[in-house]
Amino acid sequence: MTRSRRLRAAAFALALFTAVAGCAVIPVGGPFPVDEAGSGDSVTVPFQRMVAVAPQPDWGPQQVVEGLLAAMAAYHDDPSVLPGYLTEEARRVWKPDGAITVIDNSFRFGELIEDKEKRETAVTVQGNKIAQINEDDTYVPVSRSDDPKITRQFTLVKDASGAYRVNGLQQGLLLTDADVRRAYRPTNLYYLNGSSGADPQPDRLVVDRVRLRIDPDKSFAQTIIERLIEGPTSALQGAVGNEFPDGVRVRWIRSSEDRVLINVSGPFNPLSTFTQGIQAQLRASLSSNNLANGRTLEVLLDGEQFFSSGSLTVPANLPESWLGSEDKQVFYTSDGAVFILAPDGEGHPVTGPAGQPSEGYTGFAISKDRDRIAARSAAGGIWVTRHSPDGRWQESIPGPDLTDPSWHRDGSLWTFDRRNDAVIRSHPVVGRGPERIAAPALRGQDVTSLRMARDGVRVAVTVGDSEVQVGALTGGGGNAMLSNFQTLTTVSGGDEIVDIAWSDGGHLLVLVQTKAGQFVNEINVGDGEAAQLPTTSKRLKRLAALGDAILATTEESNEILEYSRDKRTWTPKPATAVDHPLFTLG
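Residues numbered from 1 in each chain as written. Predicted model: local features only at pLDDT ≥ 70, side-chain atom pairs only at ≥ 80, totals over all residues. Heavy atoms only, no water.

Caption draft 1: Local environment of the packing of aromatic side chains. Evaluated as defined, the whole model comprises 10 aromatic pairs. When the centroid spacing of 5.4 Å and the interplanar angle of 80 degrees are considered together, the rings of F306 and F307 count as edge-to-face. Its relative accessible area of 21% is what places F307 among the partly exposed residues. Geometrically, the ring pair formed by F364 and W393 is tilted, given 6.5 Å between the ring centres and 55 degrees between the ring planes. With F364 in strand β21 (residues 361-366) and W393 in the loop between β23 (382-386) and β24 (394-397), this residue pair connects regions lying 29 residues apart in the sequence. We note that F364, like W393, is buried. These aromatic residues form a ring-pair network of at least three members: F244, F268, F306 and F307. (Phe/Tyr/Trp six-rings, centres within 6.5 Å; stacked < 30°, edge-to-face > 60°. Buried < 20%, exposed > 50% of the residue type's maximum accessible area, 1.4 Å probe, protein only. Helix = DSSP H or I, 4+ residues; strand = E, 2+ residues; numbered from the N terminus.)

What follows is the structure, encoded as structure tokens:
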């Protein structure tokens, strides 16, 4: 081998090794200089660009596949390299479209299989599939019930010059976890819990979790806003409002120390636009991803002021009500009565019938404004009473086999009728109901609990004692439907799901009993990522959560435990003889 070939081979070996490991990278920035003084963040995101290497004529079959995988990782940065690894026939057939398969970093190559008769060589890549990234940018981890093992075969032939080229491969891109972590960012987008034409108008933001690929030719802020404009993922399709009409484009984004200018074009009607919704969507979608924090946003339309009489500005701080400022008062039940937990740790019964001990009611739920309390009656049905001295129990939803009630933020009450296999909604405030709500995905399922999220959009159900599904409330009024259901988590092998509780619209707590003990997972419903809370020596039986506050009751001593996120410990509260901790909604 000549000296020049040895140097070239050594250089390629280094580049290929680091490329496959996700490290053959060149730092790049956005297209605009950004002055970060005093802002603590950037409108751009530091990015490492993957550099793909063209195939060399003296490479063996495995080297060619290694180079192809690196070219797949770099495809969106530079799509011109990958076709060079393919035969003409494969270039005609293969497409990068569809879901991206994500495998673990410790994948390996199987033995080469040569077919001398067909003059083909097969190279297999073996590993564990950990997730896929769908075309709507959702990140879907492999379910525990699925077999993660994956074998991907690449068929190679020699071209006229004797160099190996890939003639057969599965459609779509195959990336390692390291590739995804390098080039993609977990990103929160925000939409509205209704449309601007609805009555009442939207009052809450709904988070939509995606994985966005960083584009080295534009700022990450622009990438986020462009994806926000496209609309929600399939999980929230038809369930949320988006104040950006079809056809809107981001022309450019520029920033200074205290202001970010966002220039858009498109069919806006500034006089009829729900500007509060646009302000909330932009502010939350940038700030939650640590971009433009502390800076005012100014929206321009075709380079001019958005309004003829002035600009559309977004303050540095979003009103708390958009993200949720629910009642943080802790309630609990004991001996069939509802108590308010005072700051000194003592419990005081609520006013009205719900504060009186009773063996006839369980599964209590408190409405958004504390004005009504619902419970499941031992005699059958869901009953409601007002939180007042003159309140009395009234049946709102009849039925002998209903799940515990769950309040919606609009004042409606929800349950699942297990005997008739139906979702039921009533409106106790206005005396309307009950009515069946379509939920085709739940038909024939063993639904054991149904919980509406505080954002008024998402819903969680447990199926039997082994599965949790999350869906959304789509449509409105008479067209309401629970749909878009996806499996969030499953257990097997004798493990069982004991309880669930919403902490916010994007996170669900799941209490699981195993043969070895218990654990509580806090799961991001947008991408399935779970954080396991530390265990406690006391067996838990019920959960309640609101934002950072997480409560649980113990099975043996019937006390409330409060979880400290800072200390990562469970601490008992003074209240005793507790059956179930409660917050409003959830």
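Caption draft 2: Region of the structure containing the packing of helix α5 (residues 220-230) against helix α6 (residues 275-287). The contact between α5 and α6 brings their axes to 10 Å, and the two run at 135 degrees. Comparing their axes, α6 and α5 come out oblique. The handedness of the crossing between α5 and α6 is right-handed. Contacts from A221, I224, I225 and L228 of α5 reach α6 at Q281, L282, S285 and L286. (Axes fitted to C-alpha atoms, helices over the stretch in contact; angles between N-to-C directions. Parallel < 35°, antiparallel > 145°, perpendicular 65-115°, else oblique. Left-handed = near helix turned anticlockwise from the far one by under 90°. Contact = heavy atoms within 4.5 Å.)

Caption draft 3: Expanded view of the sheet that holds strand β18 (residues 331-334). With antiparallel pairing, the 4 strands of this open sheet are ordered in space as β20-β19-β18-β41. Strand pairing shows two members of the sheet lacking a second neighbour, β20 (347-349) and β41 (580-582), which therefore form its edges. Averaged over all pairs of adjacent strands, the angle between their axes in this sheet comes to 35 degrees, without regard to strand direction. (Pairing = 2+ DSSP bridges.)

Caption draft 4: Examining the environment of P83 more closely. Among the structural elements, P83 can be located in the loop between α2 (61-73) and α3 (88-93). Placed 11 residues apart in sequence, P83 and W94 show a C-alpha to C-alpha distance of 9.4 Å.

Caption draft 5: Up close: the sheet that holds strand β26 (residues 413-417). Reading across from one edge, β25-β26-β27-β28 is the order of the 4 strands in this open sheet, with antiparallel pairing throughout. Each edge of the open sheet carries a strand with a single partner, namely β25 (406-407) and β28 (432-437). Relative to β28, strand β27 (residues 422-427) runs antiparallel, the two being bridged by 4 bridges. By the bridge assignment, H427 is partnered in β28 with R432.

Caption draft 6: Summary view of the nonpolar core. Judged by nonpolar contacts, the single largest core of 39 residues is most densely connected at L68, M72, F154 and L169. Considering every element that reaches this core, the biggest residue donor is α2, with 7 residues. Residues contacting L169, with those up to four places away along its chain left out, are L68, M72, L86, A90, W94, Q153 and F154. Counting 37 residues, the second-largest nonpolar core is a separate cluster that includes Y191, A239, L286 and F306. (Core = buried A, V, L, I, M, F, W, Y, C linked by side-chain atoms within 4.5 Å.)

Caption draft 7: Examining the side chain of H427 more closely. Relative to the helices and strands, H427 resides in strand β27. The buried category is assigned to H427, whose relative accessible area is 11%. Contact partners of H427, with chain neighbours within four places excluded, come to S412, R432 and E435.

Caption draft 8: Region of the structure containing unusual backbone geometry. Omega for the bond connecting G433 with P434 falls within 30 degrees of zero, at 0 degrees, which places this linkage in the cis form. Positioned with a positive phi, D421 is a non-glycine residue whose angle comes to about 55 degrees. Relative to the helices and strands, D421 resides in the loop between β26 and β27. The backbone of A577 shows a phi angle near 55 degrees, a positive value even though the residue is not glycine. Positionally, A577 belongs in the loop between β40 (569-572) and β41.

Caption draft 9: The pairing of β23, seen in detail. Where strand β22 (residues 372-377) meets β23, 5 bridges bridge the pair, whose relative direction is antiparallel. By the bridge assignment, R372 is partnered in β23 with R386. Between β22 and β23, which pair antiparallel and follow one another directly, the connecting turn spans 4 residues, one of which, G380, has a positive phi of 120 degrees. With 3 bridges connecting them, β23 and β24 associate as antiparallel partners.

Caption draft 10: Representation of α2. The end-to-end C-alpha distance of α2, which contains 13 residues, comes to 19 Å, matching closely the 18 Å that a straight helix rising 1.5 Å per residue would cover. Most of α2 sits out of view: 11 of its 13 residues are buried. The complete set of buried residues in α2 reads P61, V64, V65, E66, G67, L68, L69, A70, A71, M72 and A73. (Expected span 1.5 Å × (residues − 1).)

Caption draft 11: Main features of the pairing of strand β33 (residues 496-504). Of the pairings in the sheet, the one linking β33 to strand β34 (residues 507-513) comprises 7 bridges and is antiparallel in character. Bridge pairing links W502 to L508 in β34.

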